[in-house]
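Results of the structural survey
Chain residues, written in single-letter form:
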There are 2 protein chains.
Amino acid sequence: MADTSTGNVLSANCPSRAALEVVGSKWALLIVPLLARQPLRNNELLRQVGGISQKMMTQTLRELERHGLVQRTDHQTVPPHVDYQLTELGRSLSEALVVVDRWAERHYPAVASARMAFDRRR
Amino acid sequence: MADTSTGNVLSANCPSRAALEVVGSKWALLIVPLLARQPLRNNELLRQVGGISQKMMTQTLRELERHGLVQRTDHQTVPPHVDYQLTELGRSLSEALVVVDRWAERHYPAVASARMAFDRRR
DNA sequence: CAGCATCCGGGTTGATACTG
DNA sequence: CAGTATCAACCCGGATGCTG
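First things first, this report covers the structure right here in the doc. Every value quoted in this text rests on a predicted model; they were computed, and no experiment measured them. (Residues numbered from 1 in each chain as written. Chains lettered and ligands numbered in written order. Predicted model: local features only at pLDDT ≥ 70, side-chain atom pairs only at ≥ 80, totals over all residues. Heavy atoms only, no water.)

For the rest of this paragraph, the subject is the relation of the copies chain B and chain A. Between the two copies, chain B and chain A, the superposition gives an RMSD of 0.1 Å; the rotation angle is 180° and the shift along the axis is 0.0 Å. With respect to symmetry, the two chain copies, as superposed, fit the operation of a two-fold axis. The position closest to the rotation axis in chain B is occupied by the C-alpha of Gly24 of chain B, lying 2.4 Å away. Both copies contact each other with a shared surface, as 100% of the interface residues of chain B are interface residues in chain A too. (Least-squares fit on C-alpha atoms with pLDDT ≥ 70 in both. Contact = heavy atoms within 4.5 Å.)

Shown next, in the form of structure tokens:
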């Protein structure tokens, strides 16, 4: 809904905001970089990402597929063999996320100590 | 970080993962870029970000402060005047987020059409 | 192996009212 | 203006069991 009355810079339907929802997902942020390295199967993803349930994995992958970031390929075999890889669009996103990842790695110590200092204060 | 016992690439206590949680927050992704342009007060933030409640605003700002990304300044006046600005750390993050924001803007049409195509299929 | 259906407990969020 | 308190609603996400 367009919000011309309040002068919002970021109204609820702001285009980029919709796209950002994908990024806002906790797991998508972890899965996309993984797939950037190579296509993976469901089980491999489950193993490489710690602490995610099968349910959330499927859910997240569907969402990524829905947004055109991931390509799902069912090889139609028995037993089933399905793998996931980034689309062109997904690869372009992963390049942007790499920057964030690098930030996280480089600045993790600063974030951690800030948090500890803050918590000690309370 | 490596988890030698399970072979996880991304174990639950991976350092960068902790830092990524900040980014994973729906609202932080919107607030940080806003503050990158200029310091803002509580009410201004509420106005500029559409659809966020006072509660979530306070909560998110506290979290950002806790992680050393935002500096809260209480001018100790009546009526109250408090403003928020990015710290050095926060500015460095915002630079990384700018890349993601640009991605969102540029690729929003592709994401949107992918979603519509996918949904039509169901 | 991939993944859906179901149940359900707990954390998150919004609405409202109130304080300094 | 900035923020807290409280409560109820909601949805996320895990666990389990089952199917092709």
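A separate point is the protein's contact with DNA strand D. In the region of DNA strand D, 15 residues are neighbours, and Ser53, Lys55 and Pro80 of chain A together with Arg72 and Tyr84 of chain B sit closest. Of all atoms in DNA strand D that approach within 4 Å of the protein, 68% are sugar or phosphate atoms. The contact in question runs from a phosphate oxygen of DNA strand D to an N or O atom on the side chain of Arg41 of chain B, over 2.8 Å. Between DNA strand D and Tyr84 of chain B there is a distance of 2.8 Å, counted from a phosphate oxygen to a side-chain nitrogen or oxygen. Taken together, the elements giving at least two residues each to the surface near DNA strand D come down to α4 (54-66) of chain A together with α3 (42-48), α4 (54-66) and β3 (82-86) of chain B. Here the surface near DNA strand D is built from residues that sort into five nonpolar, five polar and five charged. (Near = heavy atom within 4 Å. Polar contact = N/O pair within 3.5 Å; in protein donor to acceptor, adjacent residues only side chain to side chain. Helix = DSSP H or I, 4+ residues; strand = E, 2+ residues; numbered from the N terminus. Nonpolar A, V, L, I, M, F, W, Y, C, P; charged D, E, K, R; others polar.)

With respect to spatial proximity, 15 residues lie near DNA strand C, and among them Arg72 and Tyr84 of chain A together with Lys55, Met56 and Pro80 of chain B are the closest. Of everything in DNA strand C that lies within 4 Å of the protein, sugar and phosphate atoms constitute 68%. Here Arg72 of chain A contributes a side-chain N or O atom positioned 2.4 Å from a phosphate oxygen of DNA strand C. For the surface near DNA strand C, the class distribution of residues is five nonpolar, five polar and five charged.

Let us now look at the pairing of β3 of chain B. Residues and elements named next belong to chain B. Counting buried residues in β3 gives four out of five residues, a clear majority hidden from the surface. Two strands pair when backbone bridges link them, and strand β1 (residues 40-41) and β3 are joined in this way by two bridges, in the antiparallel orientation. Residue Arg41 lies in a different strand from β3, and its bridge partner there is Asp83. The pairing of strand β2 (residues 70-74) with β3 spans five bridges and is antiparallel. (Buried < 20%, exposed > 50% of the residue type's maximum accessible area, 1.4 Å probe, protein only. Pairing = 2+ DSSP bridges.)

As a further point, take the sheet that holds β1 of chain B. Residues and elements named next belong to chain B. Strand order across the open sheet formed by three strands is β1-β3-β2, with antiparallel pairing between neighbours. Looking at the sheet topology across the chains shown, the edges are occupied by β1 and β2. Contacts from helix α2 (residues 28-37) reach β1, β2 and β3, with the element oriented near 95° to β3. (Axes fitted to C-alpha atoms, helices over the stretch in contact; angles between N-to-C directions.)

Read these as layout, nothing more, since geometry by itself doesn't imply function.
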